[in-house]
Amino acid sequence: PSGASFDSSKGAFVREQPGLDPTIKLDTMRQATLAMSRMCTMCQSGRLYYYRCIMVVGNGKGLYGFGIGFGNSPKESRKDASLKALQRLELVDYDHDRMLLHPIRGKEYGQELIMVPRPMGRGIMCKAGHLPLAYILGIDNMVFKFHGRQRTRWFTR
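What you see is a predicted model; the values in this text were computed from it and never measured. (Residues numbered from 1 in each chain as written. Predicted model: local features only at pLDDT ≥ 70, side-chain atom pairs only at ≥ 80, totals over all residues. Heavy atoms only, no water.)

**A look at the nonpolar core**
The cut-off we apply is this: We define a nonpolar core as any set of buried Ala, Val, Leu, Ile, Met, Phe, Trp, Tyr and Cys residues linked to one another through side-chain atoms lying within 4.5 Å. To sort residues, take the accessible area from a 1.4 Å probe on protein chains only and compare it with the maximum for the residue type: under 20% means buried, over 50% means exposed, and anything in between is partly exposed. Counting from the N terminus, the helices are the DSSP runs of H or I reaching at least four residues and the strands are the DSSP runs of E reaching at least two. Whether two residues are in contact is decided by their heavy atoms, any of which lying within 4.5 Å being enough.
Core analysis: the largest hydrophobic core is formed by 14 residues, its most contacted members being Val 56, Phe 66, Ile 139 and Phe 144. Taken together, the elements giving at least two residues each to this core come down to β3 (30-43), β4 (46-58), β5 (63-71), α2 (131-137) and β10 (142-147). With four residues, α2 is the single largest residue contributor to this core. With residues up to four places along the chain from it excluded, the contact list for Ile 139 reads Tyr 94, Met 115, Ile 124, Ala 134 and Phe 144. Residues Val 57, Leu 63, Ala 85 and Leu 86 belong to the second largest nonpolar core, which totals five residues.

Laid out in C-alpha cells, this is it:
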C-alpha cells in the first residue's frame, strides 16, 4: 500500500513517518556533537537564553545526517538535534574496498576542505576534533585538511 513500507523483522507493513525511515536500525547509529553554544535573544521582559547544538548522526557505512537543535538546556538541544539529524539522513555512495585516486576539494563560505587519498590500510589523518565526523561518515584512508578562517564554525548546508 502507498505510505507504507515492508519491515522484514516484524513481517508486516509499517506506516512511513515524514522524514524518518522505519526500517533503520537505530542501535547501529552513532552520534557526535559538533558544536554547542549558548545563545541570547532580547524580548520585552529582558534577555532570554537558550542553547543551540549541531550534531551529526551516522552508521559508519555512508549513511549520515546533520541536525541543528534548540532547547532551554544542553540536554534538550542535543535531543532535538539528534532527532532532526535522523529525519535528514543522506547516503554517501562509495565503494568500501577501493580508494579514491585524486584529491577532493569542497568550499563553503570562508572554509575549504581538502581530502587527499592515502594508501590502503593507512587510516585517517586529521585533527582530533574532526575524527568523529570521519568515523561517522565511514571514510577511511584519507587526509582531512581544513583551511580558511581561524574561528571554526560548522556549516551544515
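**Overview of the sheet that holds β5**
The criterion, for reference: Strand pairing is assigned whenever DSSP detects at least two bridges linking the two strands.
The four strands lie next to each other as β3-β4-β5-β6, forming an open sheet whose pairing is antiparallel. Looking along the sheet, the strands with just one partner apiece sit at the ends: β3 and β6 (90-91). Pairing geometry for β3 and β4, over 13 bridges, is antiparallel. Pairing of Ala 35 across the sheet is with Ile 54, part of β4.

**A look at the packing of aromatic side chains**
For the record, the criterion: Working definition: a ring pair exists when centres of Phe, Tyr or Trp rings (six-membered ring for Trp) sit within 6.5 Å. Plane angles under 30 degrees give stacked, over 60 give edge-to-face, the rest tilted. For a Lys NZ or an Arg CZ to count as sitting over a ring, it must be within 6 Å of the ring centre and within 35 degrees of the ring normal.
Taken as a whole, this structure holds three aromatic pairs when the rule is applied. Aromatic pair Phe 6 and Phe 13: ring centres 5.3 Å apart, planes at 70°, arrangement edge-to-face. On the basis of relative accessible area, Phe 6 is assigned to the partly exposed category, the value being 46%. With a centroid separation of 5.8 Å and an interplanar angle of 80°, the aromatic rings of Tyr 64 and Phe 66 are classed as edge-to-face. When the ring centre of Tyr 49 is taken as origin, the NZ or CZ atom of Arg 38, which lies over that ring, is 4.0 Å away.

**Things to note about helix α1 (residues 74-87)**
Convention followed: The span you would expect from a helix comes to 1.5 Å times its residue count less one. Our arc is simply the arc of the directions from the helix axis toward the C-beta atoms.
With 14 residues, α1 extends 20 Å between its outermost C-alpha atoms, agreeing within 8% with the 20 Å of an ideal straight helix rising 1.5 Å per residue. Taken residue by residue, α1 has Ser 77, Ala 81, Ser 82, Ala 85 and Leu 86 as its buried positions. In an axial view of α1, the angular spread of the buried residues amounts to 170°, which keeps them on one side of the axis. Looking at the packing, one finds that the buried side of α1 touches β3, β4 and β5.

**With respect to the pairing of strand β8 (residues 111-117)**
In terms of strand pairing, strand β7 (residues 104-108) meets β8 through five bridges, oriented antiparallel. Bridging from a neighbouring strand, Gly 106 pairs with Leu 113 of β8.

**Thoughts on the pattern of salt bridges**
What counts here: Definition used for salt bridges: Asp or Glu carboxyl oxygen within 4 Å of a side-chain nitrogen of Lys or Arg.
Throughout the structure, instances matching the rule amount to two salt bridges. Two residues, Lys 84 and Asp 80, come together in a salt bridge whose shortest N-O distance is 3.3 Å. Of this pair, Lys 84 and Asp 80 both sit in helix α1, four residues apart, roughly one helical turn. On the basis of relative accessibility, which here comes to 31%, the residue Lys 84 falls in the partly exposed class. The class of Asp 80 is partly exposed, set by a relative accessible area of 22%.

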